Structure formats: structure tokens, C-alpha cells
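Coordinates in review
Listed below are the residues making up each chain.
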Amino acid sequence: MSALLAKATALALAKRLVVNSSCRDGKSFTYNSSIYIAVAVAIDGGLITPVLQDPDKVDIYSLSRKWKELVDKARAKQLQPQEYNNGTFTLSNLGMYGVDRFNAILPPGTVNVTANHRVIYGAELAMFLQTLAKIIEDPKDLTL
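Residues numbered from 1 in each chain as written. Predicted model: local features only at pLDDT ≥ 70, side-chain atom pairs only at ≥ 80, totals over all residues. Heavy atoms only, no water.

**A few points about the sheet that holds strand β6 (residues 51–53)**
- Reading across the sheet, the three strands line up as β6-β3-β7 and stay open at both edges, with mixed pairing between neighbours. With one partner strand each, in any of the chains shown, β6 and β7 (89–91) form the two edges of the open sheet. Within the sheet, the average angular offset between the axes of one strand and its neighbour, ignoring direction, is 25 degrees.
- Against the sheet, helix α1 (residues 2–15) engages β3 (36–39), β6 and β7, with an angle of about 145 degrees to β3. (Pairing = 2+ DSSP bridges. Helix = DSSP H or I, 4+ residues; strand = E, 2+ residues; numbered from the N terminus. Axes fitted to C-alpha atoms, helices over the stretch in contact; angles between N-to-C directions. Contact = heavy atoms within 4.5 Å.)

As C-alpha cells, this is what we get:
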């Protein structure tokens, strides 16, 4: 499910690139041209966010295999910094625990559904969520 959510999010971000932005130093903002989806993974003693690079450009089969590889490496504490440090958008999925909503504690430089209005206006975020909902509701593009 995480690979599917990452793919759907990446496809929505590709259509709404302004949402794929970040503030790294608290002062300047970057609009990222590449989409790197970080997905939270629970590990002993905490969590880590392995990154799926360009999931909008990768078929779901390859993406799922890559995700499994990253999760296995994360749980074995074998991830390299480039495999968890360069996310441009972060997902947390607790659905497998029966949770239908929660407030994430965000690492610096990431954004929850609540956006920093200095970078992303509420209307832009709403259009992104609308795009994401359409992709999830009609998932034919997820298999490409």
C-alpha cells in the first residue's frame, strides 16, 4: 500500500509542482524539480524515512520492489544517507495499524497537509489534494 500511495502522491505532485517545495534553512524556499517521496518506516527505537526517487516515472512493480528493499535495509539499519536524506515530500501511513487519522510529528523541512502559506497557498494545497483524490479514486494511472 505504501508504494501505491507514494506513486499516487508523486503523480499528483507532478501535476501540482508548487506543492513539491521545501524550506531548508527557515528563510529561503526551494521548488524541487525532482519528486523524491520519503515514507515513514517504524524501526526499533524510532522511525526513519527511506526515499523513493522519481516514483512518478517508475512502474508500480519496480517501485514496490524498491520499497521492499528500502524497508528491509531500514529495519536492518543498513540504509545509506542518500537513501533517507533527500526527500522532497514525506508520507506517513498508519493504516496498517487501524488508524484512520493522526497528527504527524514532522522532521524539519517537511510539510503535513497543513502548508506553510509563505510557499503554498491554501488553494494550491486544496487543488493538490483534489488531484490526489482523483488519482486514488480512478487508479488506472498507478499501473503505468
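**Thoughts on the nonpolar core**
- Counting 30 residues, the largest nonpolar core has Leu13, Val19, Ile37, Trp67, Phe89 and Phe128 as the members making the most contacts within it.
- Going through the elements one at a time, α1, β3, α2 (60–75), β7 and α3 (122–137) are the ones with two or more residues in this core.
- With seven residues, α1 is the largest single contributor of residues to this core.
- Those residues in contact with isoleucine 37 that lie beyond four places of it in its chain are Ala6, Thr9, Ala10, Leu13, Pro50, Val51, Leu52, Pro55, Phe89 and Leu91. (Core = buried A, V, L, I, M, F, W, Y, C linked by side-chain atoms within 4.5 Å. Buried < 20%, exposed > 50% of the residue type's maximum accessible area, 1.4 Å probe, protein only.)

**Observations regarding the packing of aromatic side chains**
- According to the stated counting rule, one finds one aromatic pair in the structure shown.
- The interplanar angle of 55 degrees and the centroid separation of 5.7 Å between the aromatic rings of phenylalanine 89 and phenylalanine 128 together place this pair among those described as tilted. Of this pair, phenylalanine 89 sits in strand β7 while phenylalanine 128 sits in helix α3, and the two are 39 residues apart along the sequence. Each member of the pair, phenylalanine 89 together with phenylalanine 128, is buried. (Phe/Tyr/Trp six-rings, centres within 6.5 Å; stacked < 30°, edge-to-face > 60°.)

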